[in-house]
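Coordinate inspection notes
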Amino acid sequence: MPLGAAFLKYTSNKGKHFFLKASNSTKVANPSTIMLELSAHCNIHCTVCPREYDYGKQMEQGFMDKGLAKKVINETWPYLDSIGLTGMGETFLYRDIEEIVDYIRSKNKGIIISVSTNAYAPKTLEYAGWLKNKIDTIQVSIDGLRETYDRIRIGSEFEKFSQNLENLSSLLRNSQTDLMLNMVVTKENYHQISDMLRFASELGIPFLNFTLFNLASVTGIEKEYYDFYVSEEFLQAQKELEAAKERYPSLELTFWDYNKKNGFRNCPFPWTHFYICWNGEVAPCCAKPFPKEMSFGNAFEKPLMEILNNEKYRNFRKMWYNNQTHPFCRKCHFIDLPREGQISNQ
């Protein structure tokens, strides 16, 4: 947390947060977590990525102006616990990332900083070297092994990727920067979730996260796809994963929680992890960060807090309280993913 006068702002804001939550207000306190989409450009094309579907193909692409990125940081840093420097693009294509990280650290050394990368950009190791011991986590998207990886992550090649990852793991070993793998589990790759533990262990990568394919921003695939995640074959793969965990006790795994109830109130994003697109637009969430579909305002043109508590955003949160799904959120797994033992209505 920050020091000096900023500490008073930080603690006062925490109190405001709890008061607003307890009173069921549609307003929010200053955010404790934000996501800055430094890059909307990417060097590969993944079948699990929203940018490869209709909404994504319509998105404008660019890099966040570093001066405007600093404007947002200036507004938010006294209140932040964490910041994600990631988005729809490849973070390690953003040439000023070290300057942005240094700027955040100059404000508050305690802010948790993370980035996400495909580990296939031309200067991946160079950028990681810049950020080593300056950021807390580098998350690498993987989505499969060998031929499965190649089919999903088009424009990338597993042999070169795995060599990059091995070098990255070696670079960060015994540093203050953690390395994490992230796998979007689909019908095409679910059979490899247990194998992924061995792969991570062999490379000395201590953290592994599994998430599910979110259809909110995917056109052409209906929500019935989610029935696969409660099918016998998928649940069997999960059981095999649980057994594999015992062989790799040093690995820390996270997986989707099936026990939550469906509905808009299952989603945390109206209240946290506020997403600021490369051009300043404040989109509803990281799963569908396409401001042409929906934006609450531009953080480069107005103060962020004015946007977070404007009428449009508050009406969005009112729908959350009523558990009424906004049309923008249709097919999101927070809403339409069945619980174990359930199958969605056909």
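A brief report on the enclosed structure follows. Everything quoted here is computed from the prediction, not taken from an experiment.

Conventions used here
Residues numbered from 1 in each chain as written. Predicted model: local features only at pLDDT ≥ 70, side-chain atom pairs only at ≥ 80, totals over all residues. Heavy atoms only, no water. Core = buried A, V, L, I, M, F, W, Y, C linked by side-chain atoms within 4.5 Å. Buried < 20%, exposed > 50% of the residue type's maximum accessible area, 1.4 Å probe, protein only. Helix = DSSP H or I, 4+ residues; strand = E, 2+ residues; numbered from the N terminus. Contact = heavy atoms within 4.5 Å. Arc of directions from axis to C-beta. Pairing = 2+ DSSP bridges. Right-handed = clockwise from strand over helix to strand, strands pointing away. Phe/Tyr/Trp six-rings, centres within 6.5 Å; stacked < 30°, edge-to-face > 60°. Salt bridge = Lys/Arg side-chain N within 4 Å of Asp/Glu carboxyl O. Axes fitted to C-alpha atoms, helices over the stretch in contact; angles between N-to-C directions. Parallel < 35°, antiparallel > 145°, perpendicular 65-115°, else oblique. Left-handed = near helix turned anticlockwise from the far one by under 90°. Nonpolar A, V, L, I, M, F, W, Y, C, P; charged D, E, K, R; others polar.

A closer look at the nonpolar core
Of all hydrophobic cores here, the largest spans 112 residues; its most connected members are Leu36, Leu85, Leu165 and Phe210. The dominant element in this core, judged by the number of residues it contributes, is helix 8 (residues 193-203), at six residues. In contact with leucine 165, other than residues within four places in its own chain, are Val140, Leu179, Leu181, Phe199, Leu203 and Ile205.

Details of helix 5 (residues 124-131)
Buried within helix 5 we find Thr124, Tyr127, Ala128 and Leu131. All buried residues of helix 5 lie within an arc of 100 degrees about the axis, which places them on one face of the element. Considering only its buried residues, helix 5 is in contact with helix 4 (97-107), strand 5 (137-141) and helix 7 (158-172). Within two residues after helix 5, asparagine 133 carries a phi angle of roughly 70 degrees, on the positive side.

Thoughts on the pairing of strand 4 (residues 112-117)
Summarising the sheet, strand 3 (residues 82-84) and strand 4 pair through three bridges and their orientation is parallel. Counted as the bridge partner of glycine 84 is serine 114 from strand 4. Relative to strand 5, strand 4 runs parallel, the two being bridged by four bridges. From the neighbouring strand, valine 115 faces strand 5, where its bridge partner is isoleucine 138. Handedness of the strand 4-helix 5-strand 5 crossover: right-handed.

With respect to the packing of aromatic side chains
What the rule picks out here adds up to 26 aromatic pairs. Taken together, a centroid distance of 6.4 Å and an interplanar angle of 25 degrees make the contact between tyrosine 55 and phenylalanine 290 stacked. In this pair, tyrosine 55 sits in helix 2 (residues 54-57) while phenylalanine 290 sits in the loop between strand 11 (282-283) and helix 10 (304-308), placing the two residues 235 residues apart along the sequence. The buried category is assigned to phenylalanine 290, whose relative accessible area is 2%.

What to know about the pattern of salt bridges
For the structure shown, the criterion picks out eleven salt bridges. The partner of lysine 71 in a salt bridge is glutamate 75, and the shortest N-O contact between them spans 2.5 Å. Here glutamate 75 and lysine 71 lie together in helix 3 (residues 66-76), a separation of four residues that amounts to about one turn. Exposure remark for lysine 71: the relative accessible area of 24% places this residue in the partly exposed category. Residue glutamate 75 is classed as partly exposed on the basis of its relative accessible area of 25%.

Quick notes on the packing of helix 3 against helix 4
Interhelical geometry of helix 3 versus helix 4 gives an angle of 25 degrees and a closest axis separation of 11 Å. Taken together, the axes of helix 3 and helix 4 lie roughly parallel to each other. Handedness of the crossing formed by helix 3 with helix 4: right-handed. Contact with helix 3, carried on its side by Lys66, Ala69, Lys70, Ile73 and Asn74, involves Glu99, Ile100, Tyr103, Ile104 and Lys107 of helix 4 and no other residues of that element. Looking at the contact of helix 3 with helix 4 residue by residue, the class counts come to five nonpolar, one polar and four charged.

Let's talk about the sheet that holds strand 7 (residues 178-185)
A sheet is described by the order of its strands in space; here nine strands give the open sequence 9-8-7-5-4-3-1-10-11, paired in mixed fashion. The open sheet has two edge strands with one neighbour each: strand 9 (252-254) and strand 11. Contacting strand 1 (33-36) and strand 10 (274-276), helix 3 runs over the sheet at an angle of about 180 degrees to strand 1.

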